Structures are given as C-alpha cells and as structure tokens.
Amino acid sequence: MINFQYLRTSSKKSALALLLKDKNAKFIAGGTNLIDLMKRGVSAPEKLIDINHVPLKQIELVGDKIIIGALASNTAVAENELIKEKLPLLAMALNAGASAQLRNVATVGGNMMQRTRCGYFYDTEMPCNKRKPGSGCGAIGGFNRMHAIFATSDNCIAVHPSDMCVALAALDAVVVLAGPKAERKILFKDFHRLAGDTPQLDNNLKADEMIIRLEIPLNNLTVNAHYLKVRDRASYAFALVSVAAGLEISNHKITDVRLAMGGVAHKPWRLTASENFLRGKEATIENFEQAAKLAMTGAKGFGENDFKLQMAPNTIIEALTIAKSKA
Amino acid sequence: MEKRVLKDENDRVDGIYKVTGKAKYFAEYELPGLTYGVLVTSTITKGKITSLDTKAAEKAPGVISVLSHLNKPSAPAYEQEGGPAMKIFYTDKVFYNGQPIAMVVANTFERATYAASLVKATYAKEDFNTDFEKAVSDAKAKKLQGQPDYKRGVEDAYKSAEVMIEAKYHLPIETHNPMELHGIIADWRPNNQVMVYAKTQGVKATQGTIANVFKIPIENIQVNSEFVGGGFGMALRTWSLEIATIMASKHVAKPVKLVITRMQMFTMVGNRPAAVQTIGLGANKDGKLTGITHSAFGETSVYENFTEGVVNMAKFMYQCDNVNTRYTVVPVDLGVPIWMRGPGEATGAFALESAIDEMAHALDMDPLEFRIKNDPEKDQQRNKPFSDKNIKEAYRIGSGKIGWSERKNKPGSLVNGQWKSGYGVSIGVFNANRGRASVKGILKADGTLVLQSATSDIGPGTGTGMTLIASKLLGIPNDKIKFELGDSSLPPAPSQGGSATLSTVGSAVNDVCVALKSTIAELAANSNMDATSNFIDVLKKNNLPSIEVTKQSQAGKEREDYSMYSFSIHFVKVKVHSLTGVVKVDKIVSVGDSGTIVSPKTARSQMVGGAVGGVGMALTEESIIDHRYGRYINNNFADYHVPVNADIPEIEVHFINKPDPYINPMGAKGMGEIALIGFSAAVANAVFNATGKRIRTLPITPDKILATS
C-alpha cells in the first residue's frame, strides 16, 4: 500500500476546503469500496478526508419530501420507520445490497459513489478504459456475464453495482450537492453517467463538490412496491438483473408506476417507456408483459450476458406481479 | 474458570478455544525479530523471466531483502535434477500467471507489500493455453493416461442395451477457499535448526519435506500446527512457497512470516481440477443395468502431473457385469491442482449419479427404486464382500425424512405460482481407509489422561473424537482427558486426508487405552487390589505419579478379505423459479452409513459442512479465468460465490450408526469425504425433477436454467 495522509473533519465547510486544496484527496466515509480500490492499486489518493463526523446523518420528513443525509448508513435508512412506511422500495433495495456488516458502515453517499465491480477494472494487469483510458475494454470479448445490455459503448460495458441507486432512480430522488461556493441540485437519474467516450467518469459530481443529502418526494407507492434482485446466491452477490417496481392502483387502473433496473447499464436504468405504457392501464399480466417487452428496446448482449435479454423482461414481469399482489 | 451454560459430554473439546479466540493459528505466533515476506508474482502466463529489477524495492523503507532466482539461497534438493519443476527461486521459467517469482522481506507486512509492487520483471513470452475444455477437444493437445483403463465384461456394452443413455458432464475449476489463508512462519536458527508454524494437514509430512529439500536431519525440524482454519485438501502438501519462506529465513537470519492473499489462494495452492466426463449407461427394460462406461478427462498442469479417483465409483457402486472406465489428464498452463474435499470421487459422482437419474427417467422408474434394484450384493471390482453396507436402510430413512412420497416421477408436476418443486437423490461413496499411527498415553495419578499423536485437526474435531474413544474405554470424564496434536515431535501419524484420521489414529488410541487398562489391572493384582479398582488408587498404592504407553496401530489381513467403504445418501428438495431461473434448496437430508458414530456432534457437523460445500459445488462455485490472459477474474470472496447462510435450508443428518465389524476396533469409518460426494448430483437431479431441465454443467446458475429448454 502506498502511504497516504489521513485527515478528519467534522464540518462540511472544512471538508470542502480540504478537498479544494488537493486534487489527489478523496473523501472517505464507510470505505467499503475505496479501501478495496486502494489495496488493489486502482486508486491511490494522497489524502483521505474522513467525513464520518460531518453531521449529515438525518432522516426526516420535511413538507412533502423525505430528506436523507449523505452520511446516513445503509442500515440506518433501511431500518428507519419513516422509510419503511413511506419509501418501502428504498428499504427493500438497501436490504438486497451487500451484507449486513457492509450495510452497517456503508453510507448513502458512498453507495452512490461506488465503482463498478467489473473484474477488469480491479486487475491492474488487464485492460480497462475506466481505470486507464485508452487501454481497452477487457470485458468485451472476455468475461462479461455480469455486464451491461443497455446503452453500452465500445469503450466500456460495465454496470453500476448499487441496489439502492436503482430504487432512488425509480423514486425521482433529487441529489443535493455542495460546492465551494454554493449548493446545487441534480435529479438522481442524471447523477450517474453512461460510459460513452468517458468511461472513467461514473457520475456528474464535480471534483470540488460533495454529496450533502437526498430529497425524495412522497408518493403513493407505499403498498404495491417490490424490489426483485436476481443473483447467483441469496445474499452478498451483485445483481445479474434487479428491478424496482412501484405501482399505484385505483379502480383497477394503474395511476402511477415506477420501474428501474440494476445490473443492466452503466447507471441505474429507468424504464420510462414501460412506465408510460402502463400508466392508465389495468394491472394485468398481459400489460406487464407488454411493458417488459418495451423495456428491452435497444438491448444488446455481449455473449456471456445474452441471458439477460431473457432474464431482464422476465424479472420486470415478476417484480410487477409481486408488487401488484401486495396489499 | 470458564463458565459454561450447557455441558454436554459430546461437546467439542476445543470449542471454547475457538469461540473465544484462544485457539492460536499459525499466523498468530509472535517470534522475536519476526519479519514479513510478500510474494511478487508473474504477470504473464508462460515464458521466461529475462530481467528482474529489484533496486527500487531494496531501497524501499523497511526492506531487509529481496529474494529471487538471481540470489537464491541454498536448498540442496532443488539443485538436483528431477523433482517438481516449479521451484520458487530455482527457476526462471513461468508456468502460470500469478506464479511466485520473488519475495520481499521487510520489517512490516505493509512495507513488504509496497516494496513487492516495486519489483519489475521483463519476460520472454510464450504461447499458452489455460482453457481446459479447449485442450480436451483439441486433437493435437497433449493428453496423458491418468489411471489404467478398467474393463469388466464387454466394453461399451451400454451401446447395445435395450435402453441406453449417453451424456456429457462438465465441472469447472473449484477453489478450496478455507477461511484461513495459507502460509507459514519459518525460523532458521543456528546449527541448522528449523522451527516452523505452518498451516498444514500433516506436521510429519511437512517436517519430512523440509528435511528432504534442505538435506538436514529430521530431528532438526520442529513443525507446529495446533489449529488449522480449514484445509479441504489444499494443505495436504508442502508447497514451494513454504520452502521459499524457509529459504528466506535462512537468508536473512530472522524468522519470516508469509501469509498469502485471498487472490493468491486461487493460483498457487491448488484447486479442484476441471473435468469433462462422458457416461454411457445401458439397462434392460426391467431396469437392470447391463453396461456402464465412464470416460473422464481431468485438468492437470504442464509442470507436474495430478490425478485422482474420478472414475472409481463406476467400478463397484452398481451391480453390473459390463463396466469399463478411462481416465485421461490434460495439462494446461495453470497451477497444479490438488485434492479438494471428496476429491475425484465427488467429480465422478456428479456425472455417474446424474446419469443414473437420467436412466431412471428413461425407464420411467423412480430413481430410488432404480438404485435399489441395482444395489450390489458384493464388490464386483475386487470380487470381495463389503465389510459393512446398509444402503437400503439409508434409503428408507432418508426418503421418509425428505418426504419422497410427495415426489412425482413426471418432471414439472409440483407447481406453486412461478415456483416449481422437485426432489433429488444421490449416493456418495469413499474408500474407508485405515493407515498406521502411533499414540502415546500418559495416565496420571491426579486422574487425568494425556494422549499424544502428531496428527492434525483441520476442523472435523479430531481431538473430540479421540477423547470420546478414550473416555468410553477408560471411564475417564472428557474434561480429564487431553489429546495433543499438531506437533511434529509427538508420535508419528499420517496427514489428515482421505477421511482416515478417526479410523487410523482412533485405533491407536484404542490400543493405548486397552494397554493402559491391562497395566492397571496387572498393578492392581500385584498389589493385592481388586481388579476393578480405580486407576488413581492403583497408581497411588504403587507410588506411581503416572504410567506411559506408546502403541503403533495399523490394519491387518481384514483389508484383504473385505471391501471397505463409507456410504452416504443425499436427499434434496429444491424449488426453481420459472421466470428468473433462481434455484432455492428447500430441504436437505443426508444419511451417513459409516459404521459406529464415535462423536455425534462433530460427525453431524461434518455432514452439515459437506452439504453446504455440496450446495456450493452444485449452484454457485466456479473459478473463472480469462483465457486470453490466463488470469483469474473472480479471485475474491465477493465474486467467487461460496454459499451464504441465506442459501442454506434446514439440514437433517441421520446415521446408520452400526459398527463395521472388520475395519477397526471402534467399527468406525471416515465421513469427511462422503459428506460431499454425490451431493451436487442430488441437486441437479432435483432441478430436473422440478423443471424437466437437465443441467450437466456445474454450477447450476440462473442463466443456465433459463437457457435450457
């Protein structure tokens, strides 16, 4: 391991000031991904700024929004009564992620910032455009069973590994970022990026900014909501495919619907066309199947992940069916 | 004093140590002046090291030395011709990606790790192949006979049978991945005295290897390995990396500790080799087997050959007059494999027990009935009676407990929404071994008994089993008995492998206890005491603080007269999701037929552990290599999926628990291997029963379920 300087601060202001001083500095909170990256030689920050003591752990209802501080732990959010009652989809997604031990230290902001789990990204002896732009993509023509089927680029077919982020994309969350001068807001669905020509960039956070909190508007998806994660083992495994499905049904008609997928793209993948199709229709298996079919427009396999072309629509149908069946 | 909530005579004798952290594993020993070794590994798969730049590493903070083939310390056996080709520091050849090519020794682990990253090698690369399946199907690839061909009756008789099936089965590389990482602490002391704390399944084997490599007297070497955090076979040999660490200690004249990383566990300490197997079965319409052909290809390395008993089971497990087997090994440019729990038999049983299920289906017979119908009366391979075999009773117990009567012979019959349920069964079998071991017993006037043997306990509960044997024979409570192991200075015993420790060392414990008993009786008689007098009184009356007996014990002629095996029957109920392809194991019932159960708690744990390993083999475990680079891609615990608690359902374990009349004085046979052997086939058979999908390539991941029609 390469030596680094460890700094700790308990204020947002000084955290941002420390970050501004050194472009090779990184924030550390739970560290569940960053430490791995440092051990593997993928990331070598000269300074680690520990922000765990910055007071950003709030989980509260303010007006018609739920506010979640960037440093609230994954467990704290998943176990919070307000979240379980108002945003069950988020609680379910969080509990589907990682392991209990990891969730206890992983934070909301850190979860958003985690890097892909693509094996080529972690092995510095293999090509990876995300780790080393211009070196090539090892996964194309290689082991790509876990990889993306939507909006891939010739440079990178990695997926974003988070479960939490899939639910947040579905829930129309807003991310509040603090910069050296001012705060700004960005829609959660626009926070993460597609790989395009810049696979080294996972998201639109600027180098001098920090994630402060999430704002999630209240909704009526409190009953008919389900997060379905298909994976190789029942816990502590990344999604082959996951689906966040929320329905609001009145008089047999779907009045609101949210659908997003994980494990299929470089960012949480919101299924807008499927949502538009379902809105106003009856919650029938035929309509779910049609919505799943629509969701697959433009999907493309890379060999080992071709099965996702079938698993993804199947999982959408099953997630919607389970969501509908809840009462 | 330790407080105990519940006391049970069958408790693990080391349980308290393990759960309180008092059990000390090799890496936890602190020697004065301890230094830390970290291996530098090759980044190419095949070729030659043309230069090695160690200057930056040598200048890095805390670095004591950088060892490589350029400054190799003396290891006489490594200088001779022959022997293994892959000798760390004694070769500039690269045989596999991730091969150790140098070692940095520094005063902290972190500094050694950093300095290791500064060592730069250049190579002359050669073409390579790490793809076993490609090598198998390549007519030009090198192939070696792994075992002599076996033939009984007519070759390939299945082809002309009334009903025949032929199918091909594929197993990927599996990696042992015990919790404890591999390594050693080596201390080369003045006058060629060597002290090591090792992770090993055999302290005597490790001691012998070190003596042989360095050509020093065996008495100069002390090997300690009291607690081992799992082995599953990977610690059954002394790898070149242990020898390299001893060389390093000799070179720097300080103790050196090497603990390899989880990633290195995939490349340099063996694996369960990949295999491709074809089974042909023939039967008449009444369901009697008329032909069995088992042909297997197993993975091996280019620099050292590895073979195992993949096709053994086909030769005797079913009544059949026409059986032939062939086992071929195919070298690839990877590290040499090693036995992994259940070794080759587990690989073979997946294919054979899947094929038996396929044949039962082809005959439209219940697979349990089909097995019973073809259960052999004697061992046709060796033409001998079985010493003890209760398979039909095991079938009866297991089928009742799993609820086999709920099973429908027609696949896909049990449907609940998107979930389809199914039941599967399979047999496991492994040679019931008994080797030679010595045990020393010291019976003391304070009422305690100390037993000593240089055996190991990699987890099964060796100390507990031995204590229970002695306690039963001498009537001494468990907590007054101490069984000492994992120390090469104790009386010799074989390595812990092949499910033989209880049978082998237990027999010597038995003999020691019998001898102690008769000595006490003799002393009692000579001092005019009642023959049933307590040994404490007898010793006191004779002014003896203690008496000692050492006995060597081994099998006799009975092994020529009988065929000795342990058996297991695994029953599995699964459910399979039609849309997502997810397989959930709903219930497991494993029945062990392995003679007397000496230690009920640890025996049950063995079976439970085997079932969990079997779920991993069946559903999740696979070491994946990118064959373009020859590098592992999922070499960590996040991506190499061993089962987690959430994958494991209720596991019921039952034992026949009848003594084998011939094997040894206890009538007890080993069970470490049978706990796993065959299990993966039970899962695959249950998946077929649930869905009608026959998956012949492990692991059975959701994508394979969806892809199979």
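Residues numbered from 1 in each chain as written. Chains lettered and ligands numbered in written order. Predicted model: local features only at pLDDT ≥ 70, side-chain atom pairs only at ≥ 80, totals over all residues. Heavy atoms only, no water.

> Got a minute to help me understand the overall build of chain B in this structure?
What chain B contains, in helices and strands, is 18 helices and 26 strands. At 27 Å, chain B has a C-alpha radius of gyration in line with the 27 Å of a compact globule built from 709 residues. Judged by the C-alpha coordinates and their principal axes, chain B covers about 80 × 75 × 50 Å. A total of 709 residues make up chain B; the buried ones form 62% of that total. Of all intrachain contacts in chain B linking residues separated by at least 6 positions in sequence, the fraction that spans at least 24 positions is 81%. Taken as a whole, chain B presents about 26500 Å² of accessible surface, with 50% of it coming from carbon and sulfur. Each charge class in chain B was averaged separately, 80 positive and 73 negative side chains, and the resulting centres sit 1 Å apart. (Helix = DSSP H or I, 4+ residues; strand = E, 2+ residues; numbered from the N terminus. Rg over C-alpha atoms; globule rule 2.2 N^0.38 Å. Buried < 20%, exposed > 50% of the residue type's maximum accessible area, 1.4 Å probe, protein only. Contact = heavy atoms within 4.5 Å. Areas by Shrake-Rupley, 256 points an atom, 1.4 Å probe, with all protein chains shown as cover. Lys, Arg positive; Asp, Glu negative; His and termini not counted. Charge placed at Lys NZ, Arg CZ, Asp CG, Glu CD.)

> Just to check I follow, could you spell out the UniProt feature "domain: Aldehyde oxidase/xanthine dehydrogenase a/b hammerhead" (unreviewed entry) in chain B for this structure?
In the numbering used here, UniProt assigns the "domain: Aldehyde oxidase/xanthine dehydrogenase a/b hammerhead" (unreviewed entry) feature to residues 20-127 of chain B. End-to-end, the C-alpha atoms of residues 20-127 of chain B are 51 Å apart, and along that stretch the chain is 17% helix and 32% strand. (UniProt positions renumbered as here; feature names shortened; annotations may be inferred.)

> Would you explain the side chain of Ser42 of chain B in this entry?
Residues and elements named next belong to chain B. Mapping Ser42 onto the fold places it in the loop between β1 (35-41) and β2 (47-53). There is a polar contact of 3.2 Å between the side chain of Ser42 and the backbone oxygen of Ile44. There is a polar contact of 3.0 Å between the side chain of Ser42 and the backbone oxygen of Tyr96. In contact with Ser42, other than residues within four places in its own chain, are Val94, Tyr96, Asn97, Gly98, Gln99, Ile101, Tyr123 and Arg631. (Polar contact = N/O pair within 3.5 Å; in protein donor to acceptor, adjacent residues only side chain to side chain.)

> Is there a simple way to think about the sheet that holds strand β26 (residues 650-655) of chain B in this case?
The strands making up a sheet are joined through hydrogen bonds of the backbone, oriented either antiparallel or parallel. Residues and elements named next belong to chain B. Strand order in the open sheet formed by five strands is β16-β17-β22-β23-β26, and the pairing between neighbours is mixed. A single partner strand is all that each edge strand has here, and the edge strands are β16 (414-416) and β26. Strand-to-strand twist in this sheet, taken as the mean axis angle between neighbours without regard to direction, amounts to 25 degrees. Relative to strand β22 (residues 565-577), strand β17 (residues 419-431) runs antiparallel, the two sharing 13 bridges. Each residue of the ladder has a partner; that of Gly422, found in β22, is Val574. Sitting on the sheet, helix α11 (residues 391-402) is in contact with β17, β22, β23 (583-593) and β26, with an inclination near 25 degrees to β22. (Pairing = 2+ DSSP bridges. Axes fitted to C-alpha atoms, helices over the stretch in contact; angles between N-to-C directions.)

> Before we go on, may I ask you to explain the domain arrangement of chain B in this structure?
Interfaces are frequently sized by the accessible area removed from exposure as the parts join. Residue and element names in this part refer to chain B. On domain assignment, one finds that chain B holds domain 1 (26-126 + 181-228 + 235-267), domain 2 (275-433 + 561-707) and domain 3 (437-554). Across the boundary between the two partners, domain 1 contributes 17 residues, which contact 19 residues of domain 2. In this assembly, domain 1 packs against domain 2 so that about 1600 Å² is buried in total across both faces, 64% of it on carbon and sulfur atoms. Our count for the contact surface shared by domain 1 and domain 2 stands at two salt bridges. Linking Glu304 and Arg237 is a salt bridge whose minimum nitrogen-to-oxygen distance equals 2.9 Å. Applying the counting rule to domain 1 against domain 2 returns five residue pairs in polar contact (both at pLDDT 80 or more). Its residues placed into classes, the side of domain 1 that touches domain 2 shows nine nonpolar, five polar and three charged. (Domains from an automatic or database assignment. Buried area = accessible area lost by both parts, 1.4 Å probe. Salt bridge = Lys/Arg side-chain N within 4 Å of Asp/Glu carboxyl O. Nonpolar A, V, L, I, M, F, W, Y, C, P; charged D, E, K, R; others polar.)

> Sorry if this is basic, but what is going on with the environment of Lys24 of chain B here?
Residues and elements named next belong to chain B. Examined against the element boundaries, Lys24 turns out to sit in the loop between α1 (15-20) and β1. On a C-alpha basis, the gap between Lys24 and Asn97 in space is 33 Å, while along the polypeptide they are 73 residues apart. When sequence neighbours within four positions are dropped, the list of residues in contact with Lys24 reads Tyr29 and Phe227.

> What am I meant to see in the interface of chain B and chain A here?
On the chain A side, the residues contacting the 32 residues of chain B number 33 residues. Overall, the association of chain B and chain A removes approximately 2700 Å² of surface from exposure, summing both partners, and the carbon and sulfur fraction of that is 62%. It is Leu579, Ile633 and Leu706 of chain B in chain B that bury the most area against chain A; as a group they hold 20% of the surface buried on that side. At the surface where chain B touches chain A, the tally comes to two salt bridges. The closest approach of N and O atoms between Asp703 of chain B and Arg145 of chain A, which form a salt bridge, is 3.0 Å. Applying the counting rule to chain B against chain A returns 10 residue pairs in polar contact (both at pLDDT 80 or more).

> Please explain the domain arrangement of chain A as it appears in this structure.
Each domain of chain A was delimited in the assignment, giving domain 1 (5-50) and domain 2 (224-325). Taken over C-alpha atoms, the centre of domain 1 of chain A sits 36 Å from the centre of domain 2 of chain A.

> Help me out: how do you make sense of the packing of aromatic side chains in this one?
Any pair of aromatic rings gets described here by the distance separating the centres and the angle formed by the planes. Residues and elements named next belong to chain B. Throughout the structure, instances matching the rule amount to 20 aromatic pairs over all chains. Their ring planes at 65 degrees and their centres at 5.7 Å tell us that Phe306 and Trp339 sit as a pair that is edge-to-face. Residue Phe306 is located in the loop between β14 (289-301) and β15 (323-332), and its partner Trp339 is located in the loop between β15 and α9 (343-362); the two are separated by 33 residues in the primary sequence. Pairing Phe316 with Tyr565 gives two aromatic rings, centres 4.1 Å apart and planes at 15 degrees, and the pair type is stacked. With a gap of 249 residues between them, Phe316 in the loop between β14 and β15 and Tyr565 in strand β22 connect regions that are remote in the sequence. Pairwise contacts between aromatic rings join Phe316, Phe386, Tyr565 and Phe567 into one cluster. Taking NZ or CZ as reference, Arg694 lies 4.2 Å from the ring centre of Phe688, over its face. (Phe/Tyr/Trp six-rings, centres within 6.5 Å; stacked < 30°, edge-to-face > 60°. Lys NZ or Arg CZ within 6 Å of the ring centre and 35° of its normal.)

> I'm lost on helix α12 (residues 462-474) of chain B in this one. Help?
Each full turn of the α-helix corresponds to 3.6 residues, which orients residues three or four apart in the same direction. Residues and elements named next belong to chain B. Across its 13 residues, α12 extends 18 Å between first and last C-alpha, which sits within 8% of the 18 Å expected from 1.5 Å per residue. Of all 13 residues in α12, 11 are buried, a share of seventy percent or more. All buried positions along α12 are accounted for by Thr462, Gly463, Thr464, Gly465, Met466, Thr467, Leu468, Ile469, Ala470, Ser471 and Leu474. Taken from the residues just after α12, Gly475 is the one with a positive phi, measuring 70 degrees. (Expected span 1.5 Å × (residues − 1).)

> Would you take a moment to explain the nonpolar core for this structure?
Taken as a class, soluble globular proteins show a tendency for nonpolar side chains to be buried jointly. All names here are of chain B. In terms of nonpolar packing, the biggest core is built from 84 residues, with Leu281, Ile292, Met317, Phe571 and Val574 touching the most fellow members. The dominant element in this core, judged by the number of residues it contributes, is α9, at nine residues. Met317 has contacts with Asn374, Pro376, Ile391, Ile427, Val429 and Phe567, leaving out every residue within four places of it along the chain. The next biggest cluster of nonpolar side chains, apart from the first, holds 49 residues, and it includes Met86, Ile210, Val223 and Phe306. (Core = buried A, V, L, I, M, F, W, Y, C linked by side-chain atoms within 4.5 Å.)

> It is not clear to me how the packing of helix α16 (residues 600-620) of chain B against helix α17 (residues 679-691) of chain B should be interpreted in this structure. Could you clarify?
How two helices pack is summed up by the angle between their axes together with the distance between the axes. All names here are of chain B. The interhelical angle for the contact between α16 and α17, taken along N-to-C directions, is 55 degrees, at an axis separation of 8 Å. By the angle between their directions, the pair α16 and α17 is classed as oblique. Crossing of α16 against α17: the hand is right-handed. Of the residues in α17, those in contact with Ala611, Gly614, Val615, Met617, Ala618 and Leu619 of α16 are Phe679, Ser680 and Val683. Class assignment of the residues belonging to the contact of α16 with α17 gives a composition of seven nonpolar, two polar and no charged. (Parallel < 35°, antiparallel > 145°, perpendicular 65-115°, else oblique. Left-handed = near helix turned anticlockwise from the far one by under 90°.)

> Help me out: how do you make sense of the pattern of salt bridges in this one?
Opposite charge on two side chains permits them to pair, given that their charged atoms come into close proximity. With the rule as written, the count across this model stands at 47 salt bridges over all chains. Look at the salt bridges and you will find they share partners, linking Lys12, Lys65, Glu183, Lys185, Arg213 and Glu215 of chain A into a network.

> In this structure, what is going on with the environment of Pro477 of chain B? I would like to understand it.
Residues and elements named next belong to chain B. In this structure, Pro477 sits in the loop between α12 and β20 (481-484). The class of Pro477 is partly exposed, set by a relative accessible area of 44%. The sequence separation of Pro477 and Thr467 amounts to 10 residues, and the corresponding C-alpha distance is 9.1 Å.

> It is not clear to me how the environment of Ile216 of chain B should be interpreted in this structure. Could you clarify?
All names here are of chain B. Relative to the assigned elements, Ile216 resides in the loop between α6 (203-214) and β11 (221-224). Judged by its relative accessible area of 9%, Ile216 is buried. For the pair formed by Ile216 and Gln193, sequence separation is 23 residues and the distance between their alpha carbons is 8.7 Å. Excluding anything up to four places from it in sequence, Ile216 contacts Trp188, Asn192, Val194, Ala211 and Ile221.

> Sorry, what's going on with the sheet that holds strand β7 (residues 144-152) of chain B here?
Residue and element names in this part refer to chain B. The five strands are arranged β7-β15-β14-β13-β8 in an open sheet whose pairing can be described as mixed. Because the sheet does not close on itself, it has two edges, and the strands there are β7 and β8 (163-171). On average, each strand axis in the sheet is inclined to that of its neighbour by 10 degrees, with strand direction left out of account. One ladder, built from nine bridges, connects strand β13 (residues 275-283) with β14; its direction is antiparallel. When the bridges of β14 are listed, Ile279 appears paired with His294. Taken strand by strand, α9 contacts β8, β13 and β14, and its axis lies near 150 degrees from that of β8.

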